[in-house]
Structures are given as structure tokens and as C-alpha cells.
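Examining the three-dimensional arrangement
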Amino acid sequence: MNLEEIRADFPVFRNEPNLAYLDNAAMALKPDCVINAVNDYYSKLGVNVHRGVYRLSYEATDKYEEARKTIASFINASFEEVIFTRGASASLNLVASSYGLNFLKPGDEVITSELEHHSSNMPWFEVCKKTGAVLKYIPLDEEGRITVDAFKSVLSDKTKVVAITYVSNVMGYITPVKEIIKLAHEKNAIVSLDGAQAVPHMKVDVKDLDCDFLSFSGHKLCGPTGIGVLYGKSNLLELMPPIEFGGDMADVVTTTSQTYKASPYKFETGTPIIASALGLAEACKYIDAIGFDNIIFQERKLRKKAVEELEKIPGIIIYNKSCETGIISFNLEDVHPHDAASVFDNNDVCIRAGHHCAQLITSWLNTIGTVRASFYFYNTEEDVDKFIKAVKDAKNFFSSF
């Protein structure tokens, strides 16, 4: 990769040339092609889709549905299996509310883990309260990982749903989901994957995985905010009822009955997320052009260097020294992560601090939160140097008290 050329695609780097942006697990930056796709829709079309009987609406509809095809191809799904939502959280909640509330009964079991983002486990906690199903947690190993053997220890004939993360947003671990999915299907359970941290960083093929549902966000994939994707197997989406009702999802409505369109439209009430869908499609094309092999290589190279340098600094606690992705979670001894983060900002280094909407794993780590640095393909070795300098500055600052 030519990093100089790649970084030139991102207006934030042109406006902030000294910025070391290491908060990619929360939000990826946007390249020009994505921003232009959104702007072009508003400036050249700017109209609604599907029902307008005029040229601009036809053009907007064609672009919108072509965007769905592009995104479906990106994860090897079919057109009708891709539902646009407000984000990964909305996608995960849709599965829980539509499938969970309608197909679970008392005594059924739902398996999740302490590695989950709140959006992955909290909806099923509520579903279990309402249906009488039982929520079970996969025991984590000494590193905080999900293993196949640990999953087997909680899997039973009563298991109906497995709701787990593909990649932890705190620890960065890759869950062995393919093996877990196979075992779950042997018990006739469905698997809902939180792919928010996976889809932007590795090739995800839903057919190869054989997952039943996959949720991810646009904004972590260099796409716009306010859009996410729910992939679902066609046969399951056909069974699931909509959870919102109104325009564009209705088929025939009378005073005594109502029917709904087929998927994906029955889950997309009202005016669609048109501009963001076009932007997300461009983001998928951009990521494909970069190539996941290049993305993985760059992230791992930078993370390796950063961890090696962190280990040379006394008083740094690293919670995920061995990790397959670009996430580092750490703390400065006796320093609140929020306090540490303020020093990073003074050094033009963007990191995140807190529990990262994943309080179960920070509790498991016996801490109130962590400082998290997360790399992406546009980060450089100079970013690592700035990051390490900020860590040293923070340590020196707080040791003076």
C-alpha cells in the first residue's frame, strides 16, 4: 500500500495533518469517494425512492437498489437478505425483537458471553425476561477468550439461540465462530453474530460461515453514520414478523386486515436511508480496492510495534497482549482511563477510554474501564510513535502527583 496516497483520500488528514487517529474501533474516517456519493445524491437527485413516477425518482431508486446489491456482494449474501437499519445496534435488536420474542418459550436457552458489546447481549436479556427463556454465558478462558470447548460446556438440547461477537471491541479477539455455528446448528439453534468489529477488518463470507444473522455498522467501515446492515437467511426472514409498521413496508391494508411486502422491505419502514446506503456501497468498493490482506498486514504490524514499545514502559497494564486484530486495551497503573485520555488529546492522539459499552468484560478484567487504541489500514508507524510518546507523557504527568 502507498500510505501517502491512501491518507490523501481522507479529508480529516488533510485538515489535521498532525493527527494520530487511533479510535477506529469506534468510528472509521471517511474517504472522499464516500463523502462524494452522499453529496451527489443530495445535490443531483435529492428525491425519494420506490414510489415516484418521474425520472429523478427512478434514478434514485436504481442507485439505491444497486447499493444494496454491492453491499450484499461484499458479504456474499443475496439481495433480499440485506436489510438496512440505523446501525449494528438496531440490527441486533431487530433479531432479538422479531425472532426472539416470537419463537422463544419458557425453558429455552440463549447463549451469549461476557465479551459482548451491550448491543449484543442486552436485547437478549430483555427477551429472556419477557419469554421465560434462560440466558447462559460461555465461560471465558484465562485470556478472556471464547473457546469451542467452553461453548460446548453450555450448549444443550435446550439451546435455541446463540448471540455472540465475531470480534470483541475491547479485547480484539476473533471468536471461532465457524466451529460454534456448526455445533449450534447440530442442536437446531440459530446464531446471531455481532460483526461490527469484524466486517471492516477481514473478509466475511456469510455463506461460508453459515451464520443465520450478521449485524454490522456503516460508520466503522469508512461509511456514513446512521446506517447499518442486518444479514439474515431468507427462510428465517420470511418467518419473522416486522417490528415497525407504516409506509413502504405495507402490501395490502384494509380496515380488517393488513399484509406486508417480502424481505427486505417489510423490515424497512418509511423513507429509506438513501444517501447513507449509497455512501456505504462506495465504502465497500473502497475497502475491496484496498484489499483485506493489506488491511490485516498493516493493522498487525502496527499493533505489534505498539505492544512491544508499551511493554518497555513500567506501570502499563496490557489486557490483550496476544491479539489477532488492531485493538490494544491497556491502563496506566493507578490512573483512571478517562484522566489518561485527556493527556493523549493534548498530543493530538485520538484514543477511547471507558468501558466501551461492554461492562461485562471490563468487570471480568476487574477494572472500571480501559484505554483503547485501535488501528486501521491508513495508520502509520509515525502514529505509533506519537501514541507511545503520549503514553510516556501521561505516565510522567500522573507520576508527578
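Above this note sits the structure.
Everything in this summary refers to the structure shown in the same document. Here the structure is a predicted model, which is why all the values come from computation and not from measurement.

Rules behind the numbers
Residues numbered from 1 in each chain as written. Predicted model: local features only at pLDDT ≥ 70, side-chain atom pairs only at ≥ 80, totals over all residues. Heavy atoms only, no water. Helix = DSSP H or I, 4+ residues; strand = E, 2+ residues; numbered from the N terminus. Rg over C-alpha atoms; globule rule 2.2 N^0.38 Å. Buried < 20%, exposed > 50% of the residue type's maximum accessible area, 1.4 Å probe, protein only. Contact = heavy atoms within 4.5 Å. Pairing = 2+ DSSP bridges. Phe/Tyr/Trp six-rings, centres within 6.5 Å; stacked < 30°, edge-to-face > 60°. Lys NZ or Arg CZ within 6 Å of the ring centre and 35° of its normal. Axes fitted to C-alpha atoms, helices over the stretch in contact; angles between N-to-C directions. Core = buried A, V, L, I, M, F, W, Y, C linked by side-chain atoms within 4.5 Å. Arc of directions from axis to C-beta.

1. Re the overall build of the protein chain
On a plain count of helices and strands, the protein chain comes out with 15 helices and 15 strands. Scaling as 2.2 N^0.38, a compact globule of 401 residues should have a C-alpha radius of gyration of about 21 Å, and the protein chain matches this with 22 Å. Judged by the C-alpha coordinates and their principal axes, the protein chain covers about 75 × 55 × 35 Å. For the protein chain, buried positions account for 56% of its 401 residues. Put simply, of all contacts in the protein chain between residues at least 6 apart along the chain, 71% involve residues at least 24 apart.

2. Considering the pairing of strand 5 (residues 159–165)
Each regular strand displays side chains that alternate between the two surfaces of the sheet. Most of strand 5 is tucked away: six of the seven residues are buried. With three bridges joining them, strand 3 (residues 109–113) and strand 5 adopt parallel strand pairing. Within strand 5, the position partnered with glutamate 109 by the bridge is threonine 159. Bridging between strand 5 and strand 6 (residues 190–194) involves five bridges; their strand directions are parallel. Residue pairing in the sheet places valine 161 in a bridge with isoleucine 190 of strand 6.

3. Describing the packing of aromatic side chains
If you walk through the whole model with that rule in mind, you get 19 aromatic pairs. In textbook terms, an aromatic cluster arises when at least three aromatic residues are bridged by ring pairs, as seen for Phe10, Phe13, Tyr286, Tyr376, Phe377 and Tyr378. Over the aromatic face of tyrosine 173 sits the side chain of arginine 145, whose NZ or CZ is 3.9 Å from the ring centroid. Directly above the ring of phenylalanine 74 sits lysine 203, whose terminal nitrogen or CZ lies 5.3 Å from the centroid.

4. Focus: the sheet that holds strand 15 (residues 370–374)
The strand order 11-12-15-14 describes an open sheet built from four strands, whose pairing is antiparallel. Every other strand in the sheet has two partners, leaving strand 11 (316–318) and strand 14 (352–354) as the edge strands with one partner each. The mean angle between the axes of side-by-side strands here comes to 30 degrees, regardless of whether they run parallel or antiparallel. Across three bridges, strand 11 lies against strand 12 (residues 327–332) in antiparallel orientation. Opposite isoleucine 316, over in strand 12, you have leucine 332 as the bridge partner. Strand contacts of helix 13 (residues 337–346): strand 12, strand 14 and strand 15, with the helix running at about 165 degrees to strand 14, the strand carrying the most contacts. Most of the contacts of helix 15 (residues 381–399) go to strand 12, to which it runs at about 15 degrees, and overall it touches strand 11, strand 12 and strand 15.

5. What about the nonpolar core?
With 82 residues, the main nonpolar core has Leu193, Leu214, Phe377 and Tyr378 as its most contacted residues. If you tally residues by element for this core, the top one is helix 11 (residues 274–290), at eleven residues. Beyond its immediate sequence surroundings of up to four residues, tyrosine 378 is in contact with Leu3, Ile6, Arg7, Phe10, Phe13, Tyr21, Asn24, Ala28, Leu29, Cys222 and Asp383. Judged by nonpolar contacts, the second largest core, of 28 residues, contains Leu302, Leu332, Val349 and Phe387.

6. Observations concerning the sheet that holds strand 5
Pairing in this open sheet of seven strands is mixed, and the strands run 2-8-7-6-5-3-4 from one edge to the other. Each edge of the sheet is formed by a strand with only one pairing partner; in this case those strands are strand 2 (82–85) and strand 4 (134–138). The average undirected angle you get between the axes of adjacent strands in this sheet is 20 degrees. Relative to strand 8 (residues 228–232), strand 7 (residues 213–217) runs antiparallel, the two sharing five bridges. Following the sheet pairing, phenylalanine 216 is matched in strand 8 by valine 229.

7. Describing helix 8 (residues 177–186)
Those residues of helix 8 that sit buried are Val177, Ile180, Ile181, Leu183 and Ala184. Considered in projection along helix 8, the buried side chains sweep an arc of 165 degrees and stay on one side of the axis. Seen from the open side of helix 8, the exposed residues pointing more than 90 degrees away from its buried face are Lys182 and Glu186. On its buried face, helix 8 sits against helix 7 (148–154), strand 5, strand 6 and helix 9 (206–209).

8. Considering the environment of leucine 193
Along the chain, leucine 193 falls in strand 6. Given a relative accessible area of 0%, leucine 193 falls into the buried group. Discounting chain neighbours no more than four positions away, the residues touching leucine 193 are Leu92, Ile164, Tyr166, Val177, Ile181, Leu209, Cys211, Phe213, Leu214 and Ser215.

9. A few points about unusual backbone geometry
Of note, the bond from serine 263 into proline 264 is cis; its omega dihedral lies within 30 degrees of zero at 10 degrees. Relative to the assigned elements, proline 264 resides in the loop between strand 10 (258–260) and helix 11. If you check the backbone angles, aspartate 210 has positive phi at about 65 degrees while not being a glycine. Since its relative accessible area comes to 34%, aspartate 210 is described here as partly exposed. Not every positive phi belongs to a glycine, and cysteine 222 is a case in point at roughly 70 degrees. Position of cysteine 222 among the secondary structure elements: in the loop between strand 7 and strand 8.

Any functional reading would require information beyond the geometric quantities listed.
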